[in-house]
Amino acid sequence: MKTQVLIIDGGFGGVATAQKLHKSGVQTILVDKKDYFEVTYAVLRESTAQGQFKGKSRRYYRDILACQFVQSGVKTLQDNTVLLENDERIEFEQVVIASGSRYPTLPLAKSMDAHSLNDRESELRQHYVQLKDATEILIIGGGVVGVELAGEIAYTFKDKVVTLAHNDKALLYGFSQKAQRKAHQQLEELGVQVKLNSDYQPCTKTLGYQDKGSEDVLKPDMVLCATGTKPNNAFLQENFSHILNYKGLIVVNDRLQVVGQDNFYALGDIADVGEAKLGYLAVEQGKYLAKSIVRKRQGKSVKAYKRHYSPQPAST
Ligand SMILES: Cc1cc2nc3c(=O)[nH]c(=O)nc-3n(C[C@H](O)[C@H](O)[C@H](O)COP(=O)(O)OP(=O)(O)OC[C@H]3O[C@@H](n4cnc5c(N)ncnc54)[C@H](O)[C@@H]3O)c2cc1C
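Enquirer: What exactly am I supposed to notice about empty space enclosed by the protein here?
Expert: Any space left empty among the atoms is revealed by the rolling of a water-sized probe across them. Scanning the entire structure with this criterion turns up 1 cavity of 30 Å³ or more. Around the largest cavity, the lining residues are Gly 268, Asp 269, Ala 271, Val 273, Glu 275, Ala 276, Lys 277, Leu 278, Leu 281, Ala 282 and Gln 285. With 3 residues, helix H8 (residues 279–297) is the largest single contributor of residues to the lining of the largest cavity. In the lining of the largest cavity, the residues fall into 6 nonpolar, 2 polar and 3 charged.

Enquirer: Would you explain the site of the ligand in this entry?
Expert: In the vicinity of the ligand lie 30 residues, with Asp 32, Thr 40, Val 74, Lys 110 and Asp 269 positioned nearest. A distance of 3.1 Å separates an oxygen atom of the ligand from a polar backbone atom of Phe 12. Within the contact set of the ligand, an oxygen atom lies 2.9 Å away from a backbone nitrogen or oxygen of Gly 13. For the ligand, the accessible surface in isolation is 1,000 Å², of which the surrounding protein chains cover 88%.

Enquirer: What is the right way to look at the sheet that holds strand E11 (residues 161–165) in this model?
Expert: The 4 strands are arranged E12-E11-E10-E16 in an open sheet whose pairing can be described as parallel. Taken across any chain shown, the strands that pair with only one partner, and hence form the sheet edges, are strand E12 (193–195) and strand E16 (222–225). Direction aside, neighbouring strands of the sheet carry axes that sit 20° apart on average. Pairing of strand E10 (residues 136–140) with E16, which is carried by 4 bridges, proceeds in the parallel orientation.

Enquirer: Sorry, what's going on with the nonpolar core here?
Expert: Most often, soluble globular proteins have nonpolar side chains that are buried together. In this structure, Leu 6, Leu 77, Val 82, Ile 97, Leu 236 and Ile 250 are the most contacted members of the largest nonpolar core, which totals 51 residues. Listed by contribution, the elements that provide at least two residues to this core are strand E1 (2–8), helix H1 (12–23), strand E2 (28–32), strand E6 (74–77), strand E7 (81–84), strand E8 (89–97), strand E19 (264–266) and H8. The biggest single contributor to this core is H8, with 6 residues. In contact with Leu 6, not counting residues within four places along its chain, are Ile 29, Val 31, Val 82, Ile 90, Phe 92, Gln 94, Val 95 and Val 96. The next biggest cluster of nonpolar side chains, apart from the first, holds 31 residues, and it includes Phe 53, Val 192, Val 194 and Leu 224.

Calculation rules
Residues numbered from 1 in each chain as written. Predicted model: local features only at pLDDT ≥ 70, side-chain atom pairs only at ≥ 80, totals over all residues. Heavy atoms only, no water. 1 Å grid on protein atoms, 1.4 Å probe; cavity = no way out; pocket = protein on both sides within 12 Å on 5 of 7 lines; lining within 4 Å. Points joined across faces, edges and corners; volume = space filled by probe spheres on them. Helix = DSSP H or I, 4+ residues; strand = E, 2+ residues; numbered from the N terminus. Nonpolar A, V, L, I, M, F, W, Y, C, P; charged D, E, K, R; others polar. Near = heavy atom within 4 Å. Polar contact = N/O pair within 3.5 Å; in protein donor to acceptor, adjacent residues only side chain to side chain. Areas by Shrake-Rupley, 256 points an atom, 1.4 Å probe, with all protein chains shown as cover. Pairing = 2+ DSSP bridges. Axes fitted to C-alpha atoms, helices over the stretch in contact; angles between N-to-C directions. Core = buried A, V, L, I, M, F, W, Y, C linked by side-chain atoms within 4.5 Å. Buried < 20%, exposed > 50% of the residue type's maximum accessible area, 1.4 Å probe, protein only. Contact = heavy atoms within 4.5 Å.

Rendered as structure tokens:
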């Protein structure tokens, strides 16, 4: 296969770029290992919602993309070609790398294995069954995901003991003190036990989770670790490890162009754009990038990307 622009892959950033490029008449192929786009914002609430999905949080790519879609994992990237896990090759003039991030400690948040929409919904239903049966739940990590998860569980299941353990002096690092206090207070009002400055680890002696500092022991029957995302950069390791910084993010200039690789662009959670790692910002970057690529292809000048202010730190 051959295309003018290849998009790797179909998260918020990739889909926004693909939709706008296709609309502008640029030949575009989007590749993703899944057959569906997922709105991550909705997942934590859905995980407590009895497996009843209203059909808006996940959509088949075939229903939202007008450009060509190829379902496969990306194995290796080369200067003008990509090799896919299904052994196909796609030649491109320009590539937009939007491979995002995964959440290895909490696959509930971003699935690692469900490549079909049906599998993803079964995964969420299975999680709901486990959650419903649990009586004592320990959530480790008080960033945005841990705080939201604790709130959703405590709000839905009033009879469960929910503990949120965080290894810092306040929840939501990077937010204003007012926001940190408000989140803490709201969780306590919902009955969540918030344990700050704690480090709970599995302990074979007590058969529970023991805090290193206080030696307090918890005996949860469900533990959910919300301790952060990792960039999806495996397909870059063979030929392009030099475009990654020490965090594994792609280094881009102020036009979201990969430094040292003129026909490569990157955005969203995989790129070091200098903004918070948020879906709505990945969409903004995608819209900007599609416009820039079109202008560049027409030989016109391109303005720098205007970063948005956001109080949230880069890592959730
Ligand atoms: C639980 C949760 C709640 C969130 N809530 C919010 C919120 O309220 N507001 C907000 O703005 N942001 C929120 N975020 C952050 C937001 O989800 C991310 O910033 C956003 O998903 C990043 O988009 P992206 O396009 O860069 O990549 P991603 O959404 O990570 O998409 C990457 C895509 O790449 C595909 N992929 C990866 N590797 C390969 C490969 N080798 N081959 C083929 N395909 C591959 C994946 O299948 C995926 O479709 C939340 C995140 C989580 C986890």
